Amino acid sequence: MRVLYVEDNPANLFLVKRVARMGNHEVINFIDGEEALRKIDLVQPHLILMDIQLAGGLNGLEVVTRLRELGHTMPIIAVTAYAMVGDKERCLAAGCDDYMPKPIPVARLVDLFQRYQVQTEALARLDAGALSPATEEFSAEHLTGVVQALALDPKATETSEVLLPPPGPAPDAENKPSSAEKSS
Ligand code: MN
């Protein structure tokens, strides 16, 4: 998994890189939000960790807001030293998926990487066409449920083969009588 960590503190970066290496994750770092916004399409991260107090003219929440405005949907985790009530809500309101306090709890970071690795693998299968989102059995809502279940299930790496159908061509919609009226 490729992780973008926008962070201007070398000590935090060092810690995150060490934990990421244990899971064979790649970490790319920018210290300011402007560079992150400029290079996001080059990096194409599977997961973003976003410090809030950054070098440069933008804070982390402004960067997240801009990323979401630009249509980026990858998971973003705010990492912030503000231990204030309401901080998590501000992060979520800006478009973050979750919030992690500093100093970063290592066990929580390990767990976070594992969960998003599973989700990334599940999404990669969808992108590869293993499932057809157009079929009733695998609607977008159902897929979201599968992905969330995988992300939450600690045994998901073992069970994902059972939950997801094998890779292969999508079911041919034209052969299904129920969808005949939809064809051109
Ligand atoms: Mn900072």
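Residues numbered from 1 in each chain as written. Predicted model: local features only at pLDDT ≥ 70, side-chain atom pairs only at ≥ 80, totals over all residues. Heavy atoms only, no water.

Observations regarding the packing of helix α3 (residues 60-69) against helix α4 (residues 87-94)
And step 1. At a minimum axis distance of 8 Å, the contact between α3 and α4 shows a crossing angle of 30°. On the basis of the axis angle, α3 is roughly parallel to α4. Here Leu61, Val64, Thr65 and Arg68 of α3 come into contact with α4, specifically with Arg90, Cys91 and Ala94. (Axes fitted to C-alpha atoms, helices over the stretch in contact; angles between N-to-C directions. Helix = DSSP H or I, 4+ residues; strand = E, 2+ residues; numbered from the N terminus. Parallel < 35°, antiparallel > 145°, perpendicular 65-115°, else oblique. Contact = heavy atoms within 4.5 Å.)

A look at the environment of isoleucine 28
And step 1. Note that isoleucine 28 resides in strand β2 (residues 26-30).
And step 2. Between the alpha carbons of isoleucine 28 and valine 3 there is a distance of 6.2 Å; along the sequence they are 25 residues apart.
And step 3. Apart from residues no more than four positions distant in its own chain, isoleucine 28 is found in contact with Arg2, Val3, Leu4, Tyr5 and Val43.

Observations concerning the state of the cysteines
The bond known as a disulfide is covalent and runs between the sulfur atoms of two cysteines.
And step 1. Under the counting rule described, the total for this entry stands at 0 disulfides.
And step 2. With no disulfide of its own, cysteine 91 has cysteine 96 as its nearest cysteine by sulfur position, at a separation of 5.1 Å.
And step 3. What makes cysteine 91 buried here is its relative accessible area of 0%.
And step 4. Cysteine 96 gets classed as buried once you look at its relative accessible area, which sits at 6%. (Disulfide = S-S within 2.5 Å. Buried < 20%, exposed > 50% of the residue type's maximum accessible area, 1.4 Å probe, protein only.)

Description of the pattern of salt bridges
Between side chains of opposite charge, a pair can form as their charged atoms come close.
And step 1. All chains considered together, the criterion is met by 7 salt bridges.
And step 2. Salt-bridge contacts for glutamate 7 lead to lysine 102; the nearest nitrogen and oxygen are separated by 3.0 Å. With glutamate 7 in the loop between β1 (2-6) and α1 (10-22) and lysine 102 in the loop between β5 (98-101) and α5 (106-127), this residue pair connects regions lying 95 residues apart in the sequence. The pair formed by glutamate 7 and lysine 102 is uniform in burial state, with each residue classed as buried.
And step 3. Note that aspartate 111 and arginine 115 form a salt bridge whose closest N and O atoms lie 3.2 Å from each other. Of this pair, aspartate 111 and arginine 115 both sit in helix α5, 4 residues apart, roughly one helical turn.
And step 4. Overall, aspartate 111 belongs to the partly exposed group, its relative accessible area being 36%.
And step 5. The class of arginine 115 is partly exposed, set by a relative accessible area of 23%.
And step 6. If you follow the salt bridges from partner to partner, you end up with Glu7, Asp51 and Lys102 in one network. (Salt bridge = Lys/Arg side-chain N within 4 Å of Asp/Glu carboxyl O.)

Some details on the coordination of the manganese ion
And step 1. Every protein donor of the manganese ion is listed here as Asp8 (OD), Asp51 (OD) and Gln53 (O), and their distances to the metal cover 2.0 to 2.2 Å.
And step 2. Positions of the donor residues of the manganese ion, expressed as sequence spacing, correspond to D-x42-D-x1-Q.
And step 3. A relative accessible area of 3% places aspartate 51 in the buried class. (Donors = N, O, S within 2.8 Å, 3.2 Å for Na, K, Ca; no water.)

Structural notes on the sheet that holds strand β3 (residues 47-51)
And step 1. Ordered in space as β2-β1-β3-β4-β5, the 5 strands form an open sheet in which the pairing is parallel. Strands with a single pairing partner mark the edges of an open sheet, and in this sheet they are β2 and β5. Strand-to-strand twist across the sheet, computed as the mean angle between neighbouring axes with direction ignored, equals 20°.
And step 2. Sheet analysis places strand β4 (residues 76-80) next to β5, joined by 4 bridges and oriented parallel. Looking across to β5, one finds that valine 79 is bridged to methionine 100. (Pairing = 2+ DSSP bridges.)

Examining the pairing of β4
And step 1. Extensive coverage of β4 is indicated by the burial of 5 of its 5 residues.
And step 2. Across the two faces of β4 the burial is the same, with Ile76, Ala78 and Thr80 and Ile77 and Val79 all buried.
And step 3. Relative to β4, β3 runs parallel, the two being bridged by 4 bridges. The partner of aspartate 51 across the bridge, within β4, is valine 79.

Comments concerning the packing of α1 against α5
And step 1. Packing of α1 against α5 brings their axes to within 10 Å, and their N-to-C directions diverge by 50°. The pairing of α1 with α5 is recorded here as oblique in orientation. Relative to α5, the crossing made by α1 is right-handed. Across from Leu15, Val16, Val19, Ala20 and Met22 in α1, the residues of α5 making contact are Val106, Leu109, Val110 and Phe113.
And step 2. Here the contact of α1 with α5 is built from residues that sort into 9 nonpolar, no polar and no charged. (Left-handed = near helix turned anticlockwise from the far one by under 90°. Nonpolar A, V, L, I, M, F, W, Y, C, P; charged D, E, K, R; others polar.)

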